[in-house]
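Given next are the chains, with one letter for each unit.
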Amino acid sequence: DTAVSQTPKYLVTQMGNDKSIKCEQNLGHDTMYWYKQDSKKFLKIMFSYNNKELIINETVPNRFSPKSPDKAHLNLHINSLELGDSAVYFCASSQDLGAQHFGDGTRLSIL
Amino acid sequence: GEDVEQSLFLSVREGDSSVINCTYTDSSSTYLYWYKQEPGAGLQLLTYIFSNMDMKQDQRLTVLLNKKDKHLSLRIADTQTGDSAIYFCAETDNDYKLSFGAGTTVTVRA
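With that settled, consider the overall build of chain B. The helix and strand tally for chain B stands at zero helices and eleven strands. The order of helices and strands in chain B, counted from the N terminus, is β-β-β-β-β-β-β-β-β-β-β. Against the globule reference of 13 Å for 110 residues, chain B gives a C-alpha radius of gyration of 13 Å, in line with a compact fold. Judged by the C-alpha coordinates and their principal axes, chain B covers about 40 × 25 × 20 Å. Burial statistics for chain B: of 110 residues in total, 45% are counted as buried. In chain B, the share of contacts with a sequence separation of at least 24, taken over all contacts with a separation of at least 6, comes to 54%. Total accessible area computed for chain B in this model is approximately 5400 Å², and 47% of it derives from carbon and sulfur atoms.

Residue and element names in this part refer to chain A. Taken across its eight residues, strand 5 (residues 43-50) has seven buried, putting it largely inside the fold. Of the strand pairs in this sheet, strand 4 (residues 31-37) and strand 5 are connected by seven bridges, and their pairing is antiparallel. Residue pairing in the sheet places Q37 in a bridge with L43 of strand 5. Here strand 4 folds back onto strand 5 in antiparallel fashion, the turn holding five residues, of which K41 has a positive phi close to 75 degrees. Summarising the sheet, strand 5 and strand 6 (residues 53-57) pair through four bridges and their orientation is antiparallel. The residue of strand 6 that forms the bridge with N50 is E53. In this structure, the hairpin formed by strand 5 and strand 6 is closed by a connection of two residues, where N51 is found at a positive phi of approximately 50 degrees.

With that settled, consider the environment of D85(A). Residues and elements named next belong to chain A. Along the chain, D85 turns up in the loop between strand 8 (73-78) and strand 9 (87-94). In the structure, D85 is positioned 13 residues away from A72 in sequence and 25 Å away in space, judged by C-alpha atoms. Once residues within four sequence positions are removed from consideration, D85 is found in contact with K36, R63, F64, I78, S80, L108 and I110.

Residues and elements named next belong to chain B. Ordered by their spatial adjacency, five strands build an open sheet running 1-3-8-7-6, and the pairing between neighbours is antiparallel. The open sheet has two edge strands, strand 1 (4-6) and strand 6 (55-58), and neither has a second partner. When strand polarity is set aside, the average angle formed by the axes of neighbouring strands in this sheet is 15 degrees.

Procedures and definitions
The residue numbering used here restarts from 1 in each chain and proceeds along that chain's sequence as written. Chain letters start at A and ligand numbers start at 1, both assigned in the order the entries are written. Reporting in this predicted model follows two pLDDT cut-offs: at least 70 for local features of residues, and 80 or more for side-chain atom pairs to be given and counted; totals over whole chains, interfaces and linings ignore these cut-offs and use all residues. Hydrogens and water are ignored here; the side-chain numbers use all heavy atoms of the structure. Only DSSP runs of H or I reaching four residues or more are called helices, and only runs of E reaching two or more are called strands; each is numbered from the N terminus. In this setup the radius of gyration rests on C-alpha atoms only. A globule is expected at 2.2 Å times the number of residues raised to 0.38. For every residue, the accessible area (1.4 Å probe, protein chains only) is compared with the maximum for its type, and the residue is labelled buried under 20%, exposed over 50%, or partly exposed between those bounds. Between two residues, a contact is recorded if the distance between any of their heavy atoms is within 4.5 Å. Accessible surface area values rest on a Shrake-Rupley calculation with a 1.4 Å probe, where residue burial reflects the displayed protein chains alone. Strands are treated as partners if at least two bridges between them are detected by DSSP. Between N-to-C directions, angles span 0 to 180 degrees; the directions come from axes that are lines fitted to C-alpha atoms, helices contributing only their stretch in contact.

Structure follows, in structure tokens:
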């Protein structure tokens, strides 16, 4: 009965590979987000979707492509992974402009 | 975040009160939040305050907001070892973007 769930929790892969992270929320929220947390614990928003429409697209390399098949899901696909992509990626959701609820994170390590 | 600042570390004795401070620059901030992150875990929403409020209390947590000085604080009464974590202050100005501080690492010592 996890509210915001991400898979996988850990992802270890080689430089140059393509990988996806999945996120699902069962809170009935209409807005979902992807955040990146770097090694210094700094959190920065990457993308946001409201009712499947992209509403926030920060300065993120176009190797990162979010996809929202429906309001309850927001996936993140990353092409040609680089060493600097190593981080923890958090999914979050909210009802409109309400409080954001976060998943447990996906720890991505690039070898 | 560049718009939200927090001190990086706080050490507190078990049973004492902890006070974590945060300053922000956006005068149009509408909601201010406190999140807790335990090691290896996600962000847990602790509490939030609307910008037209001065104070909010929720069990051991007290949030104080000084809008004039753009200063937010979180007080944890009777701090326990389970309160050891990173605490993030965050603000939004009525859009969908949360701006986070760098986080305050709270260490509770016996």
